[in-house]
Amino acid sequence: MPNTFYVTTPIYYVNARPHIGTTYTTVVADVLARRHRSLGVDTFFLTGTDEHGQKIARSAEKAGCTPQEFTDRVSAQFRALWDRMGLTYDDFIRTTEPRHKQAVQKLFALLRERGYIYKGSYTGQYCVSDEAYVDVPPGAPCPDCGRPTETVNEENYYFKLSAFERVLLEFYDAHPGFIRPETRRNEVLSFVRAGLKDLSISRTSFSWGIPVPGDEKHVIYVWMDALANYITALGWGSADPSRYDKFWPANIHLVGKEITRFHCVYWPAFLMAAGLPLPQSVIAHGWLLFEENKMSKSRGNIVRAETILDAFGALKPDLPPSEQDRFGADVLRYFLLREVVFGQDGSFSFDALVQRYNADLANGYGNLVSRTLSMIGRYFDGVVPYPASSGSVVQAHTFAVEVPRTLAAFAASIDALDFSRALEAAWALVAAVDGYLTANAPWKQVEGTTDEQQQALRADILYTAAEAIRITTALVYPVIPYSAAQVWAQLGLGDITQADLSNLQWRGLQPGTKLGELSPLFPRADKEIIARMNEFEQKNNPAPSDPAPSQPATPAPPQSAAAAGSPTEQQQPRISKLHSLVDGLAVAMAESTTETSAVLGLEKTIADTVRETIGSGRPPAPSSFASNESTSVKGHPTLPPAPATGTAAVASGAAQPSAASPAPAHPEGKISIDDFLKVELRVAQIKVAERVPKADKLLRLEVDLGTETRQILAGIAESYAPESLIGRKVVIVANLASRKLRGLESNGMIVAATAADGKAILAGFLEDVEPGAKLK
Ligand code: MSP
């Protein structure tokens, strides 16, 4: 293990208060930091807030205060929550701090000096929500988040990103672990291989940012400003770079999957240009979903960590409030790490939280600790007994073998960031010890044994159980630090933060250790706690008042609903319904196996719901939603089967003209050869095929095009089992603009016919043909 460890979270935008999505990343970073510290590694854990940019300035304006007042307030809310939860960050950087600003200006000046920045002018569509230029025509929405874009004409500074295309690809090649997981790596590779354009890195259209040194009417691009936090917080560019010298390069940048490009393309390019070392890894996790959608402020489907702290803290009324919070934080931490498979999207629900808590913490670990320690209290006066090693105890010997295996499996899974598997291994040990106690029943007098023999047996059994608890507790300490510390103290081992957990050996528990004071660890939660959390949620969760951060997977909700400010209580369920419908529409439009009328039907339903939501006094819904009054689908987001026999179709998530805005038809209904030649059809071989969670019709495919691997989302899940597709050669439309579906990027379409029963039939070849071959 290296002797330093530097882990970072993204710095969060201050236009929304923290919710359990942002809490998730910060908790994962805290778990990693605690684990490394507990193994004796010199650790630095950085988090903070991203406070510049037009989006923040507009939020401040809406809130009726200056941007600085606004960011001070929201940044403090993040920090206060992390403190309430006992998160052990070593530094909290704010991009409005002087230490950051001056170092960002130094970075800019350095890149300019080294010839990587030049001045040019640009007119393009700008997405304020994503703080990025996007490649769409005027009036078109942002392809990533679906929100309206603005036409911006600016004289800007440019970063020569194009100069880094080859070096970046070489770097990824030489460092296969730089981007994880593999899916994200493939996305980044395709993005870079498709060609890098120079990046505009200054803005003149607003002033809430860090001025370009020497040209102060420009402010530095918010992503350059933000990414630099990872080194400015360490003192790079300051009078005291000692922390930078010690901890840079970072071991892990933890990020949500939607911001991998910024971290894996722009950030390494900036660092290369500055001649600085690159981070060791960027780890992208999935999203927490609530009610099937990404949790986000604009959707109104946010759950606050405070709700869980309040509700579970109340299970321990005798504790001081700060300890109640730490206990509640453990419950949330355990759930997030155990329930969500790291890297994938995971659903959050209060029901699942309470179930996990009761099953794993109250009935599992908590119950095991309390029954073992109370028996040591009863039979051995609260002193850990000497194991007599009589050899007659059922399974006693197996723990000597099993525990080192658990230790190894746990460590391997944590190192692979597979937290749920690591916890599974720890809880398998809990279950084994529980079974061991039950099988040996130390509370029973075995027939024919003397009291002395019985006591020796008990000593064996209870020592074994207590020792297994000690080991489990040491393992799970990074995940449930407050509760593990309680158990450690109850075992008589003192302060866990002072313990050396780096070398856990079976039989390390000293017989003769006097137990600490025993108290209940995880009181059972009854069903009412769910209702209480819903209540807290409503109290803690004021209605949305400004735009949320990007929503990569889904088109924006209709303008009228999104811009309405605070929805009323009556509007809220309809807005949620709208979100589902819009998601359904995005999928329908991407799945050409879906009938056009079904798409129109969905659009009509959306139009109706918009009208219902905004009330009768408002103007009608946008015309693209109101077309085709005669369609039959009513208020149902799922898609009916595809109809027409023998229609050629393209089964994919890539962009195609929507039925609501058809592409202009050729007068004779024909196209010219030139039109046809615009479409690049190629042979591709399917290498990976898997279902997309919560999307019945979609498969995620990785296809080999001879020279590259692409990810394509195809609406063929009802026609083909994923495993049947591996190795199959198909035809794809290779030159379609990429688009996102369900948060996944799709780079191309697979060509298929639609059979009479609506099933897709993939186009293929009788003869063998190489992947990449072009169709003419
Ligand atoms: N400010 C940028 C990051 C700059 S880093 C140099 C930003 N901020 S954000 O407030 O939008 O935070 C995004 C991050 O918050 C995600 O990448 C992820 O780490 C976390 N999450 C926000 N919502 C989330 C979920 N619903 N689920 C899981 N993580 C979530 O992007």
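The structure this text deals with has already been given above.
Not measured: the values here are computed from a predicted model.

For the protein, the count of helices and strands is 24 helices and 27 strands. A total of 776 residues make up the protein; the buried ones form 56% of that total. Put simply, the protein shows about 31600 Å² of open surface, and 53% of that area lies on carbon and sulfur atoms.

Lining the immediate environment of the ligand, one finds 25 residues, of which I11, T25, D50, E258 and L288 sit closest. Taking G21, its main chain carries an N or O atom lying 3.3 Å from a nitrogen atom of the ligand. Here a nitrogen atom of the ligand sits 2.7 Å away from a polar atom, N or O, in the side chain of D50. Protein contacts shield 96% of the accessible area of the ligand, which totals 670 Å² for the unbound molecule. Sorting the residues of the shell around the ligand by element identifies β2 (12-13), α1 (20-38), α7 (222-227) and α8 (229-232) as the ones contributing at least two each. Class assignment for the residues of the shell around the ligand results in 13 nonpolar, 9 polar and 3 charged.

On to the side chain of D360. Along the chain, D360 turns up in helix α13 (residues 350-380). Residue class for D360 comes out buried when judged on its relative accessible area of 10%. Within the local environment of D360, its side chain forms a polar contact with the side chain of Y334, the two groups lying 2.6 Å apart. The contact partners of D360, leaving out residues within four places of it in the chain, are Y334, R338, Y365 and W427.

One open sheet accounts for 3 strands, arranged β10-β12-β11; its pairing is antiparallel. In this open sheet, the two edge strands, each paired with only one partner strand, are β10 (202-203) and β11 (211-212).

This paragraph deals with the sheet that holds strand β9 (residues 199-200). Pairing between the strands of a sheet comes from backbone hydrogen bonds, and it takes one of two forms, parallel or antiparallel. Taken in spatial order, the 4 strands make up an open sheet running β6-β5-β7-β9, and their pairing is antiparallel. Unpaired on one side and paired on the other, β6 (132-134) and β9 mark the two borders of the sheet. Here strand β5 (residues 117-127) pairs with strand β7 (residues 150-159) via 10 bridges, running antiparallel. Bridging from a neighbouring strand, G124 pairs with V152 of β7.

This part takes up helix α6 (residues 182-193). With 12 residues, α6 ought to run about 16 Å at 1.5 Å a step, and its terminal C-alpha atoms sit 16 Å apart, in line with that. Judged by how many residues are buried, α6 sits mostly within the fold: 9 of 12 residues are covered. T183, R184, R185, N186, E187, V188, L189, S190 and V192 are the residues of α6 that are buried. Once α6 finishes, G195 follows within two positions and takes phi at roughly 110 degrees, a positive value.

One finds F159 and F312 to be the most contacted residues of the largest nonpolar core, which totals 180 residues. Sort the elements by how many residues they give to this core and α13 lands first, with 15 residues. With near-sequence residues (within four places) excluded, F159 lies in contact with L111, Y116, I117, F164, D198, L199, I201, A269, F270 and A273.

Okay, the side chain of R203 next. By secondary structure assignment, the location of R203 is in strand β10. For R203, the side chain forms a polar contact with the side chain of Y126, separated by 3.2 Å. Excluding its chain neighbours within four sequence positions, the residues that come into contact with R203 are Y126, E131, Y133, E154, N156, K217, H218, V219 and Y221.

Turning to helix α15 (residues 419-440), a few remarks are in order. Its 22 residues give α15 an end-to-end C-alpha distance of 32 Å, which sits within 8% of 32 Å, the value for a rise of 1.5 Å per residue. A441, located one to two residues past α15, shows a positive phi value of around 35 degrees.

The tally for this structure, following the rule as stated, stands at 35 aromatic pairs. Aromatic pair W248 and W267: ring centres 6.1 Å apart, planes at 70 degrees, arrangement edge-to-face. With a gap of 19 residues between them, W248 in the loop between α9 (242-247) and β13 (252-256) and W267 in helix α10 (residues 260-274) connect regions that are remote in the sequence. Since its relative accessible area comes to 6%, W248 is described here as buried. A relative accessible area of 0% means that W267 is categorised as buried. Aromatic rings pair up to connect Y6, F44, Y230, Y244, F247, W248 and W267 into one cluster. We note K55 situated over the ring of Y13; from NZ or CZ to the ring centre the distance is 3.8 Å. Across the ring face of F327, the terminal group of K316 is positioned such that the distance to the ring centre comes to 5.0 Å.

What follows deals with the pairing of strand β4 (residues 91-94). Neither face of β4 is exposed, since D91 and I93 on one face and F92 and R94 on the opposite face are all buried. Bridge analysis of strand β3 (residues 42-50) against β4 gives 4 bridges, and the strand direction is parallel. Opposite L46, over in β4, you have D91 as the bridge partner.

As a packed pair, α15 and helix α16 (residues 451-476) sit with axes 10 Å apart at the nearest point and diverge in direction by 165 degrees. One finds that α15 runs roughly antiparallel with respect to α16. By crossing handedness, the relation of α15 to α16 is classed as left-handed. In contact with L423, A426, W427, L429, V430, V433, Y436, L437 and N440 of α15, α16 contributes D460, I461, L462, T464, A465, A468, T472 and V476. The residue inventory of the contact of α15 with α16, partitioned by class, reads 13 nonpolar, 3 polar and 1 charged.

Throughout the structure, instances matching the rule amount to 30 salt bridges. The partner of K246 in a salt bridge is D42, and the shortest N-O contact between them spans 2.5 Å. Taken together, the positions of K246 in helix α9 and D42 in strand β3 put the pair 204 residues apart, joining distant regions of the chain. Between E467 and R470 there is a salt bridge whose closest N-O contact spans 2.7 Å. Residue E467 and its partner R470 are both found in helix α16; the two are separated by 3 residues, about one turn of the helix. Both residues of the pair, E467 and R470, belong to the buried class. Salt bridges here are not isolated pairs; linked through shared partners, they connect D91, E97, R99 and R243.

Cut-off values and rules
Residues numbered from 1 in each chain as written. Predicted model: local features only at pLDDT ≥ 70, side-chain atom pairs only at ≥ 80, totals over all residues. Heavy atoms only, no water. Helix = DSSP H or I, 4+ residues; strand = E, 2+ residues; numbered from the N terminus. Buried < 20%, exposed > 50% of the residue type's maximum accessible area, 1.4 Å probe, protein only. Areas by Shrake-Rupley, 256 points an atom, 1.4 Å probe, with all protein chains shown as cover. Near = heavy atom within 4 Å. Polar contact = N/O pair within 3.5 Å; in protein donor to acceptor, adjacent residues only side chain to side chain. Nonpolar A, V, L, I, M, F, W, Y, C, P; charged D, E, K, R; others polar. Contact = heavy atoms within 4.5 Å. Pairing = 2+ DSSP bridges. Expected span 1.5 Å × (residues − 1). Core = buried A, V, L, I, M, F, W, Y, C linked by side-chain atoms within 4.5 Å. Phe/Tyr/Trp six-rings, centres within 6.5 Å; stacked < 30°, edge-to-face > 60°. Lys NZ or Arg CZ within 6 Å of the ring centre and 35° of its normal. Axes fitted to C-alpha atoms, helices over the stretch in contact; angles between N-to-C directions. Parallel < 35°, antiparallel > 145°, perpendicular 65-115°, else oblique. Left-handed = near helix turned anticlockwise from the far one by under 90°. Salt bridge = Lys/Arg side-chain N within 4 Å of Asp/Glu carboxyl O.

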